[in-house]
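Spelled out from the first residue to the last, the chains are:
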Amino acid sequence: MCFSKFSFSMSLLSLTLLLQVGVGVGADPLAYSCASSENFTPNGTYFSNLSKLFGNLYFKTAPTGFGVEVVGQYSQNQVNGLALCRGDVNATECRTCVAGASSEIGKLCPYNKGAIIWYDSCLLKYSDMDFIGKIDNKNKFYLVNVNNASDPTTFNQRTKRFLSYLSSEAYAAPRMYAAGELELGGPDKLYGLLQCTRHRLQQFCILYFEENENGN
Ligand SMILES: *[C@@H]1O[C@H](CO)[C@@H](O)[C@H](O)[C@H]1NC(C)=O
Ligand SMILES: *[C@@H]1O[C@H](CO)[C@@H](O)[C@H](O)[C@H]1NC(C)=O
Ligand SMILES: *[C@@H]1O[C@H](CO)[C@@H](O)[C@H](O)[C@H]1NC(C)=O
Ligand SMILES: CC(=O)N[C@H]1CO[C@H](CO)[C@@H](O)[C@@H]1O
């Protein structure tokens, strides 16, 4: 697979854009980040709070595709967490994805006080910091499509407009999810997908798009 991404901010929206050719579905995460410089003690309070948080998110997230959870008191081993499934993913698949994310992040970032993991169907984030409702400009990733657009200026303009359109669609949608496609002329199409977390005031959007060249 080859991928590309760029990110930009639009008024209140923080977008993470992911350009990809070919859709990857699988158990492997798209990306992850062990986000904290601090570790927690094995089997300590933070650990048990984190385990409880994962359990709560597992039950909370699937019915709506979005869950936030806080376990413990502020500055006393408090763990904050968020799980988000793509708007077109059903409850069963959402639950499976969140469960897999919880177990995988523990292996990938052992004892880390904060981490985030992205899958095709869901994302999971936890931290000792209170991040709920705040825009995260730090944790992002991109996958690059190595093919170049034949007319980059026009391509970028149209892409930006397309993404703005999708973000307004997502904002109005119950699950804050939008997907669409744009004819670029000839065989070329641009595919876009956007998922925001459900904080109405400050939104967090993950945007995927892919370009299909020559019907490929
Ligand atoms: C943590 O607890 C489990 C089960 O109670 C135990 O098997 C494991 O050895 C403990 N790990 C550490 C590092 O204390
Ligand atoms: C949920 O989605 C998965 C994957 O697309 C599918 O295999 C499964 O049949 C769906 N389940 C329900 C209850 O719709
Ligand atoms: C795309 O453009 C860049 C910069 O002009 C160039 O370095 C790269 O080789 C091009 N890639 C392809 C696949 O043509
Ligand atoms: C379930 C659990 O372990 N909760 C603990 C989380 O951390 C607080 C301290 O902030 C403890 O008092 C809880 O027992």
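Please read all numbers here as calculations on a predicted model, not as lab measurements.

A. Representation of the packing of aromatic side chains within the structure. All chains considered together, the criterion is met by 6 aromatic pairs. Considering the side-chain rings of Phe-54 and Tyr-126, the 5.7 Å spacing of their centres and the 85° angle between planes classify their relative orientation as edge-to-face. Taken together, the residues span a long stretch of sequence, with Phe-54 in helix H1 (residues 45–64) and Tyr-126 in strand S8 (residues 122–127) at a distance of 72 residues. Each member of the pair Phe-54 and Tyr-126 is classed as buried. When the centroid spacing of 5.1 Å and the interplanar angle of 80° are considered together, the rings of Tyr-58 and Phe-59 count as edge-to-face. Look at Tyr-58 and you get partly exposed, because its relative accessible area is 28%. Judged by its relative accessible area of 64%, Phe-59 is exposed. When the ring centre of Tyr-46 is taken as origin, the NZ or CZ atom of Lys-113, which lies over that ring, is 5.5 Å away. Its end group placed over the ring of Phe-131, Lys-125 keeps NZ or CZ at 4.2 Å from the ring centre.

B. Layout of a nonpolar patch on the surface. A surface patch of nonpolar side chains, about 310 Å² in accessible area, is lined by Tyr-142, Val-144 and Val-146. Structurally, Val-144 is set in the loop between S8 and helix H3 (152–172).

C. Layout of the sheet that holds strand S6 (residues 76–85). What the 5 strands build is an open sheet, ordered S4-S7-S8-S6-S5; its pairing is antiparallel. Of all strands in the sheet, those with a lone pairing partner are strand S4 (31–34) and strand S5 (66–73), marking the two edges. On average, each strand axis in the sheet is inclined to that of its neighbour by 5°, with strand direction left out of account. In the sheet, S5 pairs with S6 via 7 bridges, with the strands oriented antiparallel. The partner of Val-71 across the bridge, within S6, is Val-79. Strand contacts of H1: S5, S6 and S8, with the helix running at about 155° to S5, the strand carrying the most contacts. Sheet contacts for helix H2 (residues 91–108): S4, S6, strand S7 (115–118) and S8; angle to S8, the most-contacted strand, approximately 45°.

About the criteria used
- What you see as residue numbers is a count from 1 along each chain, following the sequence as written.
- Just so you know, chain letters begin at A and ligand numbers begin at 1, following the order they were written in.
- Reporting in this predicted model follows two pLDDT cut-offs: at least 70 for local features of residues, and 80 or more for side-chain atom pairs to be given and counted; totals over whole chains, interfaces and linings ignore these cut-offs and use all residues.
- Only hydrogens and water are set aside; all other atoms, that is, all heavy atoms of the structure, feed into the side-chain values.
- Paired rings are identified among Phe, Tyr and Trp, the last through its six-membered ring, by centres lying within 6.5 Å, and are further divided according to the angle between planes into stacked (under 30 degrees), edge-to-face (over 60) and tilted (the rest).
- Elements are defined by DSSP. Helices are runs of H or I of four residues or more, strands are runs of E of two residues or more, and each kind is numbered from the N terminus.
- When accessible area is computed with a 1.4 Å probe and restricted to protein chains, residues below 20% of their type maximum are described as buried, those above 50% as exposed, and intermediate ones as partly exposed.
- In this analysis the charged atom, NZ for Lys or CZ for Arg, is taken to sit over a ring once it is within 6 Å of the ring centre and within 35 degrees of the ring normal.
- Like charges within 9 Å and nonpolar side chains (Val, Leu, Ile, Met, Phe, Trp, Tyr) within 5 Å are joined into patches, using only residues over 30% in relative accessible area that form no salt bridge.
- Only the protein chains shown count as covering a residue, and every accessible area follows the Shrake-Rupley method with a 1.4 Å probe.
- For this document, the term salt bridge refers to a Lys or Arg side-chain nitrogen within 4 Å of an Asp or Glu carboxyl oxygen.
- Should DSSP find at least two bridges between two strands, the strands are regarded as paired.
- For helices, the fitted line uses only the C-alpha atoms of the stretch in contact; every axis is such a line through C-alpha atoms, and the angle between N-to-C directions lies from 0 to 180 degrees.
- Should any heavy atoms of two residues lie within 4.5 Å, those residues are counted as being in contact.

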